[in-house]
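Each chain, written out:
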Amino acid sequence: MMSEVQTKTTVRVRLNVNGAVHELDVEPRWLLSDVLRHQLGLTGTHVGCEQGVCGACTVLVDGKPERSCLMFAVQAEGHEVTTIEGLTPADGLSPLQEAFQEHHALQCGFCTPGMVVTAAALLRDRPNPTEEEVREALSGNVCRCTGYQFIVDAVLAAAKEGRS
Ligand code: FES
Ligand code: FES
């Protein structure tokens, strides 16, 4: 009789996401982006290229913008992850999101969560950035719709009005 070999494919992780701790069973190969979306239902984190190029999956890890498609979920244990949902007030939009809306900084919206997460980190660290600094900060985020100018305008407007 053949002996039965049992392979444990998941590990238990504790992920701190948007201020709440979640205990999850994940496979070590699962990407943070997929776990955020599929285990936690945080679908505001978008997945475009899955190779670190487009920036749609950007989240904050310990306050720093990171591509969640380039991290395994297990690597996020012990760190604070903030998604676009964590930057969005329960009763509406953040001032930065309102600036995006007012300045027509989105069309299809696919890139928008990554743009907003990245811009929010910029404005937190540099409340009055120059246009060049805004463009530099957003240079890793790809938008196929807007031509970028309206996005830059929105971030600069939010900065000017002291909004983030
Ligand atoms: S999906 Fe992560 S950078 Fe494109
Ligand atoms: S608004 Fe469509 S990709 Fe940016």
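This is a predicted model, so every value here is computed, not measured.

Draft legend 1. Representation of the environment of Arg 29 in the model. Take Arg 29: it is sitting in the loop between β2 (20-26) and α1 (32-39). Note on Arg 29: relative accessible area 57%, which makes it exposed. Sequence separation of Arg 29 and Thr 10 is 19 residues, and the distance between their C-alpha atoms is 9.3 Å. A distance of 2.7 Å separates polar atoms of two side chains, one belonging to Arg 29 and the other to Glu 27.

Draft legend 2. Seen up close, the pattern of salt bridges. Using the criterion set out here, one finds eight salt bridges in the structure. Of the charged contacts, one joins Arg 12 and Asp 25 as a salt bridge, the two residues approaching to 2.7 Å between their closest N and O atoms. Here Arg 12 is found in strand β1 (residues 11-17), whereas its partner Asp 25 is found in strand β2, with 13 residues between them in sequence. Judged by relative accessible area, which is 39%, Asp 25 ranks as partly exposed.

Draft legend 3. Highlighting the domain arrangement of the protein. Taken domain by domain, the protein consists of domain 1 (11-86) and domain 2 (95-160). Across the boundary between the two partners, domain 1 contributes 15 residues, which contact 13 residues of domain 2. Both sides of the domain 1 and domain 2 interface together cover about 1,000 Å² of buried area, and 62% of this is carbon and sulfur. Counting the surface domain 1 buries against domain 2, the share from its top three residues, His 46, Thr 58 and Ile 84, is 40%. Put simply, domain 1 and domain 2 have zero salt bridges between them. Where domain 1 packs against domain 2, one counts five residue pairs in polar contact (both at pLDDT 80 or more). Looking at the side of domain 1 that touches domain 2, the elements that each hand over two or more residues are β3 (58-61) and β4 (64-67). Tallying contributions element by element places β3 first for the side of domain 1 that touches domain 2, with three residues. Of the residues in the side of domain 1 that touches domain 2, the class split is eight nonpolar, six polar and one charged.

Conventions used here
Residues numbered from 1 in each chain as written. Chains lettered and ligands numbered in written order. Predicted model: local features only at pLDDT ≥ 70, side-chain atom pairs only at ≥ 80, totals over all residues. Heavy atoms only, no water. Helix = DSSP H or I, 4+ residues; strand = E, 2+ residues; numbered from the N terminus. Buried < 20%, exposed > 50% of the residue type's maximum accessible area, 1.4 Å probe, protein only. Polar contact = N/O pair within 3.5 Å; in protein donor to acceptor, adjacent residues only side chain to side chain. Salt bridge = Lys/Arg side-chain N within 4 Å of Asp/Glu carboxyl O. Domains from an automatic or database assignment. Contact = heavy atoms within 4.5 Å. Buried area = accessible area lost by both parts, 1.4 Å probe. Nonpolar A, V, L, I, M, F, W, Y, C, P; charged D, E, K, R; others polar.

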